[in-house]
Amino acid sequence: MILKTGDYSDSKYHCNYLVIGTGAGGSVAGALLAEKGFDVIMIEEGSYYPTSSFTNKVGDMTAKLYRNRGISPLIGKPLIALAEGQCVGGGTVINGEGLFRTPKKILNEWTNEHGLKGYSYSDLEQHFNIIEKDLNVSAKSILKEKTSNLDSQKLIQGANKLKWRTEFVPRAEKDCNYTNSCSIGCPTGAKQSTLVTYIPRAIEAGAKIFSDCRVLKINHSNGNAYSVTAEIIQGNKKQNIEVDFDYLVIAGGAIQTPHLLSKSKMSKNAGKKLEFHMNVKVIARLDSAVNAENGTMFPVQIHEFENEDCYINTSAMKPSYLTMSLANHGNEIIDKAIKYYNKMAILNTTMRVESKAHIFSKIGKNPLVWYKFEPRDLLRIKANIKRMCQVFFEAGALEIYLPLKNSLPISSLDDLDFAIDKIKPNQIDISTVHMMASCPMGADPKNSVVDLNGKLWGMDNVLLTDASILPTSIGQSPQETIMAIVHEVMKRHFDS
Amino acid sequence: MWLSTINIITSYNLNEIKIYKEKKSNYLDIESDICAFVVEGINNLPAFYSLPLKLYVILLRLLMLRARNVSKLYKLKIPFLHILTKLIKSLILLRLFDVLPISNTKINLNLIQK
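Residues numbered from 1 in each chain as written. Chains lettered and ligands numbered in written order. Predicted model: local features only at pLDDT ≥ 70, side-chain atom pairs only at ≥ 80, totals over all residues. Heavy atoms only, no water.

1. Structural notes on the overall build of chain B
Assigned secondary structure in chain B consists of 7 helices and 0 strands. Helices and strands in chain B line up, N terminus first, as α-α-α-α-α-α-α. Within chain B, buried positions represent 48% of all 114 residues. Residue pairs at least 24 apart in sequence account for 75% of intrachain contacts in chain B once pairs closer than 6 positions are excluded. Total accessible area on chain B stands at roughly 6,300 Å², and carbon and sulfur atoms take up 58% of it. (Helix = DSSP H or I, 4+ residues; strand = E, 2+ residues; numbered from the N terminus. Buried < 20%, exposed > 50% of the residue type's maximum accessible area, 1.4 Å probe, protein only. Contact = heavy atoms within 4.5 Å. Areas by Shrake-Rupley, 256 points an atom, 1.4 Å probe, with all protein chains shown as cover.)

2. Let's talk about the layout of surface pockets
Here the second largest pocket is characterised by a volume of approximately 860 Å³. When contributions to the lining of the second largest pocket are tallied by element, the ones reaching two or more residues are helix 2 (58-65), strand 10 (213-221), strand 11 (224-234) and helix 7 (253-263) of chain A together with helix 3 (30-44) and helix 4 (47-67) of chain B. Examining the composition of the lining of the second largest pocket, we find that 3 residues originate from one element, helix 3 of chain B, more than from any other. Across the lining of the second largest pocket, the residue classes tally to 13 nonpolar, 10 polar and 11 charged. (1 Å grid on protein atoms, 1.4 Å probe; cavity = no way out; pocket = protein on both sides within 12 Å on 5 of 7 lines; lining within 4 Å. Points joined across faces, edges and corners; volume = space filled by probe spheres on them. Nonpolar A, V, L, I, M, F, W, Y, C, P; charged D, E, K, R; others polar.)

3. Some remarks on the environment of alanine 345 of chain A
Residue and element names in this part refer to chain A. With respect to the helices and strands, alanine 345 occurs in strand 16 (residues 344-360). Its relative accessible area of 2% is what places alanine 345 among the buried residues. Sequence separation between alanine 345 and alanine 397 is 52 residues; the distance between their C-alpha atoms is 9.3 Å. In this structure, alanine 345 is in contact with Asp151, Val282, Ile283, Ala284, Leu286, Met317 and Phe392, ignoring residues within four places of it in sequence.

4. Overview of the pattern of salt bridges
For side chains bearing opposite charge, pairing can occur when the charged atoms are close. All names here are of chain A. The full count for this structure, using the stated rule, is 33 salt bridges over all chains. For the salt bridge of glutamate 167 with arginine 165, the shortest nitrogen-to-oxygen distance reads 2.5 Å. By relative accessible area, which is 34% here, glutamate 167 ends up partly exposed. Salt-bridge contacts for glutamate 275 lead to lysine 273; the nearest nitrogen and oxygen are separated by 2.9 Å. Judged by its relative accessible area of 6%, glutamate 275 is buried. Here the salt bridges share partners, and the residues they tie into one network are Glu45, Arg67, Glu84 and Arg214. (Salt bridge = Lys/Arg side-chain N within 4 Å of Asp/Glu carboxyl O.)

5. Points about the interface of chain B and chain A
Contacts between the two partners involve 33 residues from chain B, matched on the other side by 46 residues from chain A. Interface area for chain B against chain A, summed over the two sides, is near 3,500 Å², with a carbon-plus-sulfur share of 62%. Linking chain B with chain A are 2 salt bridges, by the criterion used here. Its salt-bridge partner being arginine 69 of chain A, residue glutamate 40 of chain B comes within 2.6 Å of it at the nearest N-O pair. At the boundary of chain B with chain A, the tally comes to 13 residue pairs in polar contact (both at pLDDT 80 or more). Only helix 2 (18-23), helix 3, helix 4, helix 6 (81-99) and helix 7 (109-112) of chain B provide two or more residues apiece to the side of chain B that touches chain A. In terms of residue count, the dominant contributor to the side of chain B that touches chain A is helix 6 of chain B (12 residues). Grouping the amino acids of the side of chain B that touches chain A by side-chain chemistry returns 17 nonpolar, 8 polar and 8 charged. (Buried area = accessible area lost by both parts, 1.4 Å probe. Polar contact = N/O pair within 3.5 Å; in protein donor to acceptor, adjacent residues only side chain to side chain.)

6. A word on unusual backbone geometry
All names here are of chain A. Put simply, lysine 77 and proline 78 share a cis peptide bond, and its omega is 0 degrees. Looking at where proline 78 falls in the secondary structure, it is placed in the loop between strand 4 (72-74) and strand 5 (80-82). The backbone of asparagine 180 shows a phi angle near 50 degrees, a positive value even though the residue is not glycine. Along the chain, asparagine 180 falls in the loop between strand 8 (170-172) and helix 6 (198-204).

7. Things to note about the packing of aromatic side chains
Residue and element names in this part refer to chain A. If you walk through the whole model with that rule in mind, you get 11 aromatic pairs over all chains. Between the aromatic rings of phenylalanine 100 and phenylalanine 298, the centroid separation amounts to 6.3 Å while the plane-to-plane angle is 10 degrees, which identifies the pairing as stacked. Taken together, the residues phenylalanine 100 in the loop between strand 5 and helix 3 (104-114) and phenylalanine 298 in the loop between strand 13 (274-286) and strand 14 (300-302) connect sequence positions 198 residues apart. Its relative accessible area of 6% is what places phenylalanine 100 among the buried residues. (Phe/Tyr/Trp six-rings, centres within 6.5 Å; stacked < 30°, edge-to-face > 60°.)

8. Overview of empty space enclosed by the protein
Unfilled space is identified by rolling a water-sized probe across the atoms. All names here are of chain A. Scanning the entire structure with this criterion turns up 3 cavities of 30 Å³ or more. Estimated volume of the largest cavity: approximately 80 Å³. Surrounding the largest cavity, 14 residues form its lining, Cys176, Thr179, Ser181, Cys182 and Cys186 being those nearest its centre. Taken together, the residues of the lining of the largest cavity sort by class into 5 nonpolar, 7 polar and 2 charged. Looking at the second largest cavity, its volume works out to about 50 Å³. Thr51, Phe54, Thr92, Val93, Gly185, Cys186, Gly189, Lys191, Ser193 and Val196 together form the lining of the second largest cavity. When its residues are assigned to classes, the lining of the second largest cavity shows 4 nonpolar, 5 polar and 1 charged.

9. Structural notes on the side chain of asparagine 279 of chain A
Residue and element names in this part refer to chain A. One can find asparagine 279 in strand 13. On the basis of relative accessibility, which here comes to 8%, the residue asparagine 279 falls in the buried class. Within the structure, asparagine 279 has its side chain in polar contact with the side chain of threonine 350 (distance 3.4 Å). The residues contacting asparagine 279, other than those within four sequence positions of it, are Asn348, Thr349, Thr350, Asp429, Ile430, Ser431 and Val433.

As structure tokens, then:
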């Protein structure tokens, strides 16, 4: 059962387990709890949109599925565009369906430097296997495709010439139709987001979903949480409801979870740091048509630089995405990109960086997120801009547009060296879609927020199950890591 | 006052895009639709982002009265104007292609939707 605005007839509800959030973490926890026979309510701030309501209209879908239409900034120099899902299914509805096992070196780092016991690769492997089966994950070759994913084939071509290693991306999909709509809700239901997997499972097992419902505060006393006060909209009026529970599971994501904990005065460490990946894009006009919109976001990645935690792949292509990425370049370039739309391609690098953010929750209803740009990240960004240009030129690029304010198009690597030699951070277009580690798991309550079982320090009946509990960022898309950690946390919870 | 100023700046930036100028006559109410999308986008931002933005827009309006038109405003190189412009332009481009299809990709959702 899914309740939406207008469906709430009571002002008080009760359940055994209340799960806040329905993204990668909350949906897994909710499904596992409901399947164990518990009475579960899952609260989601965003609305419920079934697959049949998804269209190809980027503006319309972004307004529905993203927090603040995807234009919330991470305050700092430069401002970073921050995209967060806000709908039933959370970030899994709008991500690129690439599911990656946590890199072994990251898990070793967590064991050795953060004291995480029982979270080694071999410990988590059982969960990776289950998740990949649940979400139909497989890495398929696109090399024989004649009309789709031609931009990714160009990426392979360029990387091969440079002798750089590429890998096909393990994707969670069933019969993908290559509508390139991963980021605006898959209109065919092919993408195995939690909206079509764990959430239906949870509902089937009896869980109730409260959508359009924002938790304002967690009520607690003496180390025991007992209810939440949440806001719904009935008619034109905002109204508060109260949900009592025996146990609370928080999975609001790496920004909202620490914000809620701070607002509810439940943790002093929550949100003191937030780690994120930086994404930088380079756009090219190629010498032949690739019709990049016929395909999917990233079926292939360059793994040559995985030791540096940097991954290069193609990016979502729609007229809106292409032109928005060129917004800093002036209208002539935008007009040209539209004219040569079928020959345009976008490359994106996802980078693990040293810059860290903080979450300020003291004023107002919403968190303020700011970060300090770490100068060493500039070298990493420059290196990756150059790598993307190298790939594009090897793949037949005629002209490349850099993610730099007021920069001119370049047509050779010599032009590039000149263009990026003296760039400053505030000239660069950076975005982020992966935020994590704002309530890190750890063995010591002084520098962590949850213990090794995912339990909030200082509280008897509160678990955290989302990206916030990862000890650090991981370099890759974190969905499978989140899901595996949640499986482990829930296993420990059931065992106890 | 901020609302009308945002509409003026949105309209100015929209009319600088060639494809829009060429095709706008085929579409009814497209400009007001896009202006509404931009305004809603700014209104939906949390207060600590949207309030300073609105104040800044009001200041711009005062300057605009003196500069008489938006193109002159852009020539003045006013601090932070490029940030506001990027925000407005991003929202314009996000919405524009919902109503002005340019893609060659023909995806018939009715056929492939399960």
